[in-house]
Amino acid sequence: MALMTEGVDVHAVLQAQRTATLRSLQQLTRLKAGADEIADAAWLLVLESMIFQAEAEVRWLDHCEARVSVLPAPRATPAPAPERAELPS
Amino acid sequence: MSVLELRDVIRVHGDGETAVHALRGVSLTVDPGELVAVMGPSGSGKSTLLNLAGGLDEPTSGSVLVEGTDLNGLSRTQLAAVRRRSVGYVFQDFNLIPALTAAENVALPRELDGVRMREVRRESAAALEEVGLSELADRFPDELSGGQRQRVAIARALVGPRRLVLADEPTGALDSRTGEWVLRLLRTRCDAGAAGVLVTHEARHAAWADRVVFLRDGAMVDETGRATPVEALLQ
């Protein structure tokens with residue numbers, strides 16, 4: 001959506017999302033670090049599923065950035081022509 | 001006092017039209033007990049930052065302080081002494097000396113520092129115990145698995161009074177489970193009071209850090225801030 005919206009810095013949007021996802025990944029990792037391998041096995045599987053999803057999102061964001069960086073710079077959109085005054089016929 | 005401080009560090013390779021701006025005014029502090037991950041695409045300046053932090057390279061301008069000592073202006077001998085006493089490195093390919101046992105590899109920086117042999121042996125044994133490798137102290141690197149070698153490298157990085165560990169893609173040569181083991185160990189060592197800087201391109205590994213900073217084209221573009229304590233997450 002950022003790519004299709006005029007005047008948006010796509011790299012900044014991607015970075016903001018990457019930072020947010022990393023924060024979430026940090027929280028999930030902290031929860032994982034505090035879990036017991038045996039007693040919390042089911043909880044760990046759920047956490048790891050969420051970790052893999054967050055990691056996949058970061059990879060996708062990296063991929064988006066690589067793809068966006070090879071696109072040509074957007075051309076300045078010409079300003080709309082001023083409405084011409086009706087000429088008397 | 002911060003264990004590592006980078007103040008407005010600029011590093012330019014070459015000059016004139018061919019000059020490459022590897023770092024553009026980067027500032028970073030790492031406190032005792034803190035693990036900071038550095039992420040960014042290839043060529044973003046991650047390894048340059050690590051080399052400057054460890055005194056392996058000099059900034060074009062700005063300052064690098066390790067445990068309060070400004071590395072600028074130190075003689076080669078003084079710089080080598082700071083590196084031996086304060087800084088430990090963990091590399092992707094372990095960089096252990098094949099002709100030395102695990103215990104001897106860990107002991108080497110302290111021996112070079114002129115510490116007495118009895119003290120060196122005690123410190124080496126303690127460092128190997130901290131990484132859970134006491135029983136393998138007499139093995140040579142080629143008799144150890146990749147994960148065990150990296151644990152030896154971490155023990156060597158933090159032997160004796162060293163408090164700063166700089167890790168450059170330490171899990172790059174390891175499978176995912178062993179890599180996680182290494183990250184858990186780095187985390188534990190930092191929780192015990194060391195300071196760490198971890199360069200990685202793996203988000204899953206960076207997430208073990210207290211803070212993640214992002215480099216792009218030599219500049220720090222963002223950071224996650226300190227991670228929420230786990231107690232707050234479970235409320």
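I will try to describe carefully the structure that is included in this document. Please read all numbers here as calculations on a predicted model, not as lab measurements.

So, how was this worked out
Residues numbered from 1 in each chain as written. Chains lettered and ligands numbered in written order. Predicted model: local features only at pLDDT ≥ 70, side-chain atom pairs only at ≥ 80, totals over all residues. Helix = DSSP H or I, 4+ residues; strand = E, 2+ residues; numbered from the N terminus. Rg over C-alpha atoms; globule rule 2.2 N^0.38 Å. Contact = placed C-beta atoms within 7 Å. Pairing = 2+ DSSP bridges. Axes fitted to C-alpha atoms, helices over the stretch in contact; angles between N-to-C directions. Buried ≥ 20, exposed ≤ 12 C-beta atoms within 10 Å, placed from the backbone. Parallel < 35°, antiparallel > 145°, perpendicular 65-115°, else oblique. Left-handed = near helix turned anticlockwise from the far one by under 90°.

### A short note on the overall build of chain B
Next, step 1: The helix and strand inventory of chain B stands at 8 helices and 10 strands.
Next, step 2: Rg of the C-alpha trace for chain B: 18 Å, near the compact-globule value of 18 Å for 235 residues, within the 12% margin.
Next, step 3: Expressed as lengths along the three principal axes of its C-alpha atoms, the size of chain B is roughly 55 × 50 × 35 Å.
Next, step 4: Of all intrachain contacts in chain B linking residues separated by at least 6 positions in sequence, the fraction that spans at least 24 positions is 69%.

### So, the sheet that holds strand β1 (residues 4–13) of chain B
All names here are of chain B.
Next, step 1: Ordered in space as β2-β1-β4-β5, the 4 strands form an open sheet in which the pairing is antiparallel. The two strands at the open ends of the sheet, each matched to only one other strand, are β2 (20–30) and β5 (69–70).
Next, step 2: Bridge analysis of β1 against β2 gives 8 bridges, and the strand direction is antiparallel. Looking across to β2, one finds that Leu 4 is bridged to Val 30.
Next, step 3: Packed on one face of the sheet, helix α1 (residues 46–53) meets β1, β2 and β4 (61–66) and runs near 120° to β1.

### What to know about the pairing of strand β8 (residues 195–199) of chain B
Residue and element names in this part refer to chain B.
Next, step 1: Among the 5 residues in β8, 5 count as buried, and that is most of the element.
Next, step 2: Burial along β8 is two-sided: Ala 195, Val 197 and Val 199 and Gly 196 and Leu 198, pointing in opposite directions, are all buried.
Next, step 3: With 4 bridges connecting them, strand β3 (residues 35–39) and β8 associate as parallel partners. What sits directly across from Val 38, in β8, is Val 199.
Next, step 4: Relative to β8, strand β7 (residues 164–168) runs parallel, the two being bridged by 5 bridges. Paired with Asp 168 across the two strands is Val 199, which belongs to β8.

### Examining the interface of chain B and chain A
Next, step 1: Across the boundary between the two partners, chain B contributes 15 residues, which contact 15 residues of chain A.
Next, step 2: Counting only elements with at least two residues in the side of chain B that touches chain A, the list comes to α7 (203–206), β9 (211–216), β10 (219–223) and α8 (230–233) of chain B.
Next, step 3: In terms of residue count, α7 of chain B provides more of the side of chain B that touches chain A than any other element does, 3 residues in total.

### Some points on the packing of helix α3 (residues 102–112) of chain B against helix α5 (residues 146–157) of chain B
Residue and element names in this part refer to chain B.
Next, step 1: Packing of α3 against α5 leaves a shortest axis separation of 8 Å and a crossing angle of 30°. By the angle between their directions, the pair α3 and α5 is classed as roughly parallel. Our pair here, α3 against α5, has a crossing hand that is right-handed. Between α3, through Ala 102, Asn 105, Val 106 and Pro 109, and α5, the contact on the second element is made entirely by Val 152, Ala 155 and Arg 156.

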